[in-house]
Amino acid sequence: MLKYYIIFGYLALIMMVGLLFSKQKDTKNFFVAGKSMHWFPVAISYVASLVSAISFMALPLWTWEHGMLPAFNEIFVVLFALPIIVFIFLPLYGRIGLISIYEFLEHRFSLLIRIAGSFLFLLSRFLWLGMVIYIPSKTLGYITGMQTWHLILIIGFLATIYTCVGGMKAVIWTDVVQFVILFSGVLLVLATVCGRFEGGLSEVVQQGIALDKIKFFRWSWSWETPNTWILLFGAIYSFQNFASDQVVMQRFLSTKSIKSSIVSFVAACGINLVLVFLMYLVGAFLFVYYVKFPDQIQGIELDYIYPRFIVNELPELFGALLIAAILAASMSSVDSGLNSITAVLINDYFIRFSPKKHSEGRLLQLSRWLTVVIGLIVTAVGFLIPRIGTNFIDIVLYTAGWFAPPLAAIFLLGAVSRRTNWHGALVTLVVVPIVMISLWHLKVLPSWIFGVLSMTGSLFIGYFTSLFFKAPDEEKLKYVWQPAYRKLALVKRNAIDDGRVFGDHNLGDETSEEI
């Protein structure tokens, strides 16, 4: 009974945090917390939402099967993405004053690309949220004995309620609470495994290396198994988790200034590296543990090995904390997705196409009701996820290659390529998802290479298709990033010195540099 008291106590705490931020004045407060958030809770919230319950369960399973190859690759993901986000996208988004980042696509390409891009985001996030609800519900059902469909309803309902009431502030602060529980849960599993070996941590690590699980490189050119070359190339694919994702960028747009958003993003990358490394390490430690005690997992499916450890090897109190950690990981992702989807629907569709201007009170009320409707939809999607597949890792990797990579490619090309036009963007957004869903249906590619192919193909198609059409006009090119030397040349040539890095277009006043 103790575990149920802890679980319900945790859920009550989350609801209370959400209610604390129930007073909202307008949609700016509801979607970007009135641009008043300190950089540190925003950084924590980003990590909590990015490392969802899917990651909590799937990353250890990856290590169990393939070793810790992607753990080292995460460093290259940060090295690739961080300069692009810090020097290009965060300053650009901050100066335009966006709530929905897909407004950038209209400025850079056309209204059609904005709508197509936001539509792909909606498809990808509805699908992702369904997985975020279903996968932990299935796991928690195994642990607690509850029906999976009961848990789907509980997670979907509670996350919807406190997101509807508290907006982005509730999302960020509940994410902070959930991050603490999630991080503690990971450390708890690692400590428990080490405690079962006489040599402690050093013995477990030595065994993991000997069993080829704590291994960061595999220099092979075969595409049939994960290898370092493909994973390094996949750092480009991982860009989809950053600049083109409303769920991620909306958090950083809620900070007090551009400088604050940059500090928050850099901190988030560092925290995320640590947490993701530990989650991969959990898989290696569990493998070492069950090599020593193989009889305990005979007849157990791979997806249930981690839950089985939580049920049978942890004391009841610690097991309850792990259950709370899984709930935390799931709900922190659901609340983020609900708020971001609502922001996109309100700003990219309702406000953009409404023939009249609506009051902030009306928009806020609509946003809250829309959050409830979206919550019901994603909960329903959670019931449909088993139709895609039954293996956790395959579900995640296949679906990640459908919609997000072509969208990320268009953002990247739009920001750095002066030749990419709306024709190439449209072809990419339409053709790539169709091709990738067809390849998934045919099962001709391994799941782990799926997203890499989708991203690289999108970049290729987007750029080279654009060459068959007229180059963008100068008004569109004002939103393309320019290196400092090119900017200086333009300033001298036009006798303009506005101190910006984005051409000569006035992208809005600088925000406060307060951190």
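The paragraphs below set out a description of the structure included in this document. Note that the structure is predicted; figures quoted are calculated from it, not measured.

Parameters and conventions
- Residues numbered from 1 in each chain as written.
- Predicted model: local features only at pLDDT ≥ 70, side-chain atom pairs only at ≥ 80, totals over all residues.
- Heavy atoms only, no water.
- Phe/Tyr/Trp six-rings, centres within 6.5 Å; stacked < 30°, edge-to-face > 60°.
- Helix = DSSP H or I, 4+ residues; strand = E, 2+ residues; numbered from the N terminus.
- Buried < 20%, exposed > 50% of the residue type's maximum accessible area, 1.4 Å probe, protein only.
- Lys NZ or Arg CZ within 6 Å of the ring centre and 35° of its normal.
- Salt bridge = Lys/Arg side-chain N within 4 Å of Asp/Glu carboxyl O.
- Axes fitted to C-alpha atoms, helices over the stretch in contact; angles between N-to-C directions.
- Parallel < 35°, antiparallel > 145°, perpendicular 65-115°, else oblique.
- Contact = heavy atoms within 4.5 Å.
- Patch = residues over 30% accessible without salt bridge, like charges linked within 9 Å, V, L, I, M, F, W, Y side chains within 5 Å.
- Areas by Shrake-Rupley, 256 points an atom, 1.4 Å probe, with all protein chains shown as cover.
- Expected span 1.5 Å × (residues − 1).
- Polar contact = N/O pair within 3.5 Å; in protein donor to acceptor, adjacent residues only side chain to side chain.

**Some words on the packing of aromatic side chains**
Here's step 1: With the rule as written, the count across this model stands at 22 aromatic pairs.
Here's step 2: Note on Y289 and F309: the rings are 5.4 Å apart at their centroids and 90 degrees apart in plane angle, and the pair reads as edge-to-face. Residue Y289 is found in helix α12 (residues 258-292), and its partner F309 is found in helix α13 (residues 305-313); the two are separated by 20 residues along the sequence. Considered together, Y289 and F309 belong to a single accessibility category, that of buried residues.
Here's step 3: Taken together, the ring pairs connect W64, F287, Y289, Y290, F293 and F309 into an aromatic cluster.
Here's step 4: Taking NZ or CZ as reference, R125 lies 4.0 Å from the ring centre of W128, over its face.
Here's step 5: Across the ring face of F287, the terminal group of K213 is positioned such that the distance to the ring centre comes to 4.6 Å.

**Details of the pattern of salt bridges**
Here's step 1: As enumerated under the stated definition, the model contains eight salt bridges in all.
Here's step 2: Across the pair E106 and R114 runs a salt bridge whose closest N-O atoms are separated by 2.6 Å. Of the two residues examined, E106 and R114, each falls in the buried class.
Here's step 3: Among the salt bridges present, the one from R114 reaches D348, with a minimum N-O distance of 2.7 Å. Taken together, the residues span a long stretch of sequence, with R114 in helix α7 (residues 111-144) and D348 in helix α14 (residues 316-353) at a distance of 234 residues. As far as the burial class goes, R114 and D348 line up, both buried.
Here's step 4: Counted as one network, the salt bridges with shared partners bring together E106, R114, D348 and R352.

**Overview of the packing of helix α5 (residues 69-96) against helix α17 (residues 404-416)**
The angle between the axes and the distance between the axes are what describe a pair of packed helices.
Here's step 1: At a minimum axis separation of 12 Å, α5 and α17 run at an interaxial angle of 70 degrees. Here α17 runs roughly perpendicular to α5, going by the angle between their axes. Contacts between α5 and α17 pair F80, I84, I88, F89 and Y93 from the former with F411, L412, A415 and V416 from the latter.

**Looking at the environment of I14**
Here's step 1: Note on placement: I14 falls in helix α1 (residues 2-20).
Here's step 2: Its relative accessible area of 0% is what places I14 among the buried residues.
Here's step 3: For the pair formed by I14 and D175, sequence separation is 161 residues and the distance between their alpha carbons is 9.2 Å.
Here's step 4: Contact partners of I14, with chain neighbours within four places excluded, come to Y162, T174, V177, Q178 and M331.

**Concerning a nonpolar patch on the surface**
Here's step 1: A cluster of nonpolar side chains, contributed by F460, Y463, F464, L467, F468 and F469, occupies part of the molecular surface with about 630 Å² of accessible area.
Here's step 2: Mapping F469 onto the fold places it in the loop between α19 (450-466) and α20 (474-477).
Here's step 3: For F469, a relative accessible area of 36% translates into the label partly exposed.

**Side note on α1**
In an α-helix there are 3.6 residues to a turn, and that puts residues three or four apart on one side.
Here's step 1: Relative to the 27 Å expected for 19 residues at 1.5 Å per residue, α1 spans 27 Å between its end C-alpha atoms, a close match to the ideal helical length.
Here's step 2: Every buried residue of α1 is accounted for by I6, I7, Y10, L11, I14, M15, V17 and G18.
Here's step 3: Each element contacted by the buried residues of α1 is listed here: α8 (148-195) and α14.

**Examining the side chain of S137**
Here's step 1: Its place among the elements puts S137 in helix α7.
Here's step 2: Among the residues examined, S137 registers a relative accessible area of 0% and is labelled buried.
Here's step 3: Reaching out from S137, the side chain makes a polar contact with the backbone nitrogen of I152 at a distance of 3.4 Å.
Here's step 4: Setting aside its immediate chain neighbours within four residues, S137 contacts T148, L151, I152 and I155.

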